[in-house]
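Examination of the molecular architecture
So you can see what is in the structure, the chains are spelled out below.
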Amino acid sequence: MNETTFGNPRLGAQRMKRAARSVQSEQHAKMRGQALARHPELILLFGNNPWTALAIPVLLVIHWGVAALVQNQANLLLTFVAAFFLGQLLIHAAGGLVHETAHRMIFRAQWPKRLCDLGLEMVLGSFSKQLTYQHEHLSSHHRHQGDYQRDYEHEDRFALAARHAYKNQHPFRQRLVTLVILALHCLPFGFVVSDCLAPRFYRAATGLPVKDTDRLIPSSHPTTHERLMFIAVSLLTNVLLFWFIGIWAWLYHNWALSLFLGKMGVMNLGQSLSEHDGDNETVPTRSTYGPINWFLFNTGYHLEHHVFINVPWNQLPVLTRVAPEVFCHANKINYVRHWWAHVAADFSASRKNSWQNKPSETVKPG
Ligand SMILES: [Zn+2]
């Protein structure tokens with residue numbers, strides 16, 4: 001710490017904060033500097049867009065409207081089809097708004113933001129998991145992108161190593177395990193069962209550890225009071241769906257949410273797989289352009305978002321148009337193909353990183 005820094009705690013804190021950012025996050029900052037140097041007018045795009053909040057009741061009405069239609073049919077197959085093709089897409093769209101509010105791009109002030117988040121909880125029924133996402137997305141992913149030890153989006157390397165070890169020993173059996181996992185993830189709440197059983201299976205089958213207990217991802221957390229408030233809203237949502245619309249409506253919603261969060265969340269998983277290679281320090285992030293952004297509040301403009309974190313969703317295409325020399329890293333593969341490649345490889349790593357290549361002796365015994 002030099003004398004200037006020591007004499008100015010605020011400056012010192014800022015420098016420490018800057019030093020704490022990952023190489024990939026610094027690369028985004030560098031791209032931001034280049035874009036602003038050539039196009040200083042881009043600064044006019046900064047700011048929030050409170051009109052975005054109007055989309056929340058629209059999504060809620062459509063989602064519950066589909067739930068009411070499903071209730072009228074009272075058919076298991078139709079409920080699954082509606083959950084798979086409509087429900088999870090509506091939840092994906094609401095997820096795009098959760099991302100927007102996480103960055104305070106809808107409302108800056110605390111209470112309007114809180115009401116907006118609670119409205120989204122009515123759509124999602126996430127039992128406060130949206131808050132966990134908001135905290136991890138800001139304090140872990142954006143700041144430490146590509147750093148296995150700090151970016152929560154990287155899969156646990158021991159879980160990955162155990163799966164690879166099993167696949168190397170029993171490639172045919174692994175294919176069957178993949179099918180069983182996919183079948184479980186097709187069921188309502190199936191991902192919860194799968195996430196509970198799969199680690200136990202790989203640990204028992206390989207004798208390898210499945211959790212990197214030394215990895216302590218630094219992330220801020222919601223308070224207990226906040227969690228309870230959101231859990232209460234989720235309970236209310238489930239009660240309203242169950243008692244006032246009916247059990248099929250309740251099943252449709254929870255089936256859609258289960259599909260979205262699990263391996264059968266084709267578009268959600270495909271989008272995640274398309275965004276970051278994990279170990280690419282020159283082009284850390286790619287964008288997906290096209291009509292899919294009409295439904296997902298431009299979350300496909302992911303490079304633009306990482307470079308200009310304080311530009312709202314509706315202005316992201318302007319960045320691409322004004323600074324094409326910076327925003328020239330498009331993902332050319334659609335989300336469905338990304339998902340299929342991941343599944344066909346028996347769940348390949350969603351992000352590459354150097355920790356996955358550490359010698360096997362660094363993997364602790366089980
Ligand atoms: Zn973000």
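Residues numbered from 1 in each chain as written. Predicted model: local features only at pLDDT ≥ 70, side-chain atom pairs only at ≥ 80, totals over all residues.

Details of the overall build of the protein
- Looking only at helices and strands, one finds 17 helices and zero strands in the protein.
- In summary, the protein has a C-alpha radius of gyration of 22 Å against a globular reference of 21 Å for 366 residues, a match within 12%.
- The proportion of buried residues among the 366 residues of the protein is 38%.
- Taking the intrachain contacts of the protein between residues at least 6 apart in sequence as the baseline, contacts between residues at least 24 apart amount to 75%. (Helix = DSSP H or I, 4+ residues; strand = E, 2+ residues; numbered from the N terminus. Rg over C-alpha atoms; globule rule 2.2 N^0.38 Å. Buried ≥ 20, exposed ≤ 12 C-beta atoms within 10 Å, placed from the backbone. Contact = placed C-beta atoms within 7 Å.)

Focus on the nonpolar core
- Formed by 57 residues in total, the largest nonpolar core has its most connected members in Ala94, Leu120, Tyr252 and Ala256.
- Of all the elements, helix H12 (residues 247–261) adds the most residues to this core, at eleven residues.
- Contacts of Tyr252, omitting those with residues within four sequence positions, involve Val66, Ala67, Val70, Thr79, Ala82, Ala83 and Gly87.
- Of all hydrophobic cores here, the second largest spans seven residues; its members include Phe158, Ala161, Tyr202 and Val210. (Core = buried A, V, L, I, M, F, W, Y, C linked by C-beta atoms within 7 Å.)

Things to note about unusual backbone geometry
- In this model, Arg104 sits at a positive phi of 55°, which is unusual for a non-glycine residue.
- With respect to the element layout, Arg104 can be found in the loop between helix H5 (76–102) and helix H6 (110–124).
- Judged by the 18 C-beta atoms lying within 10 Å of it, Arg104 falls in the partly exposed class.
- The backbone of Asp346 sits at a positive phi, close to 55°, despite the residue not being glycine.
- Here Asp346 is to be found in the segment after helix H17 (335–344).

Topic: H12
- Taking 1.5 Å per residue, 15 residues should reach 21 Å; H12 reaches 21 Å between its end C-alpha atoms and fits that length.
- Most of H12 is tucked away: 13 of the 15 residues are buried. (Expected span 1.5 Å × (residues − 1).)

Quick word on the domain arrangement of the protein
- The domains assigned to the protein are domain 1 (3–154 + 214–344) and domain 2 (157–211).
- Centre-to-centre separation of domain 1 and domain 2, based on C-alpha positions: 27 Å.
- Between domain 1 and domain 2, the contact holds ten residues from the first and nine residues from the second.
- A total of five residues in the side of domain 1 that touches domain 2 trace back to one element, the largest contributor, which is H12.
- Looking at side-chain class alone, the side of domain 1 that touches domain 2 contains six nonpolar, three polar and one charged residues. (Domains from an automatic or database assignment. Nonpolar A, V, L, I, M, F, W, Y, C, P; charged D, E, K, R; others polar.)

Here's the deal with the packing of helix H9 (residues 171–185) against helix H10 (residues 190–206)
- Viewed as axis vectors pointing N to C, H9 and H10 meet at an angle of 145°, and their least axial separation amounts to 7 Å. On the side of H9, the interface is formed by Ile181, Leu184 and His185, while H10 contributes Gly190, Phe191, Val193, Ser194 and Ala198.
- The class makeup of the residues in the contact of H9 with H10 is five nonpolar, three polar and no charged. (Axes fitted to C-alpha atoms, helices over the stretch in contact; angles between N-to-C directions.)

Topic: helix H4 (residues 55–73)
- For H4, with 19 residues, the first-to-last C-alpha span of 27 Å sits near the 27 Å given by 1.5 Å per residue.
- Turning to H4, its buried residues number three or more, namely Ile56, Leu59, His63, Trp64, Ala67 and Val70. Along the axis of H4, the buried positions cluster into a sector of 115°, meaning they face one direction only. Turned more than 90 degrees away from the buried face of H4, the exposed residues are Pro57, Val58, Val61, Gly65 and Asn72.
- Where H4 is buried, its residues meet H5, H6, helix H11 (224–245) and H12.
- Phi turns positive one or two residues past the end of H4, at Ala74, with a value near 50°. (Arc of directions from axis to C-beta.)

Remarks on the environment of Val177
- On the secondary structure map, Val177 appears in helix H9.
- For Val177, a count of 20 C-beta atoms within 10 Å gives the class buried.
- Sequence separation of Val177 and Gln145 is 32 residues, and the distance between their C-alpha atoms is 31 Å.

Some thoughts on the environment of Gly119
- Looking at the secondary structure, you find Gly119 in helix H6.
- In this structure, the C-alpha to C-alpha distance between Gly119 and Tyr289, residues 170 residues apart in sequence, is 28 Å.

Brief notes about the packing of helix H13 (residues 266–275) against H17
- Contact pair H13 / H17: the axes reach a minimum separation of 7 Å and the direction vectors enclose 85°. Taken together, the axis directions place H13 and H17 in an arrangement best described as roughly perpendicular. Contacts from Val266, Met267, Leu269, Gly270, Gln271, Leu273 and Ser274 in H13 reach Tyr335, Val336, His338, Trp339 and His342 in H17.
- Among the residues forming the contact of H13 with H17, the class breakdown is seven nonpolar, five polar and no charged. (Parallel < 35°, antiparallel > 145°, perpendicular 65-115°, else oblique.)

Remarks on the environment of His329
- You can see His329 is positioned in the loop between helix H16 (316–322) and H17.
- Judged by the 15 C-beta atoms lying within 10 Å of it, His329 is partly exposed.
- Put simply, His329 and Thr285 are 44 residues apart on the chain and 7.7 Å apart in space, counted from C-alpha to C-alpha.

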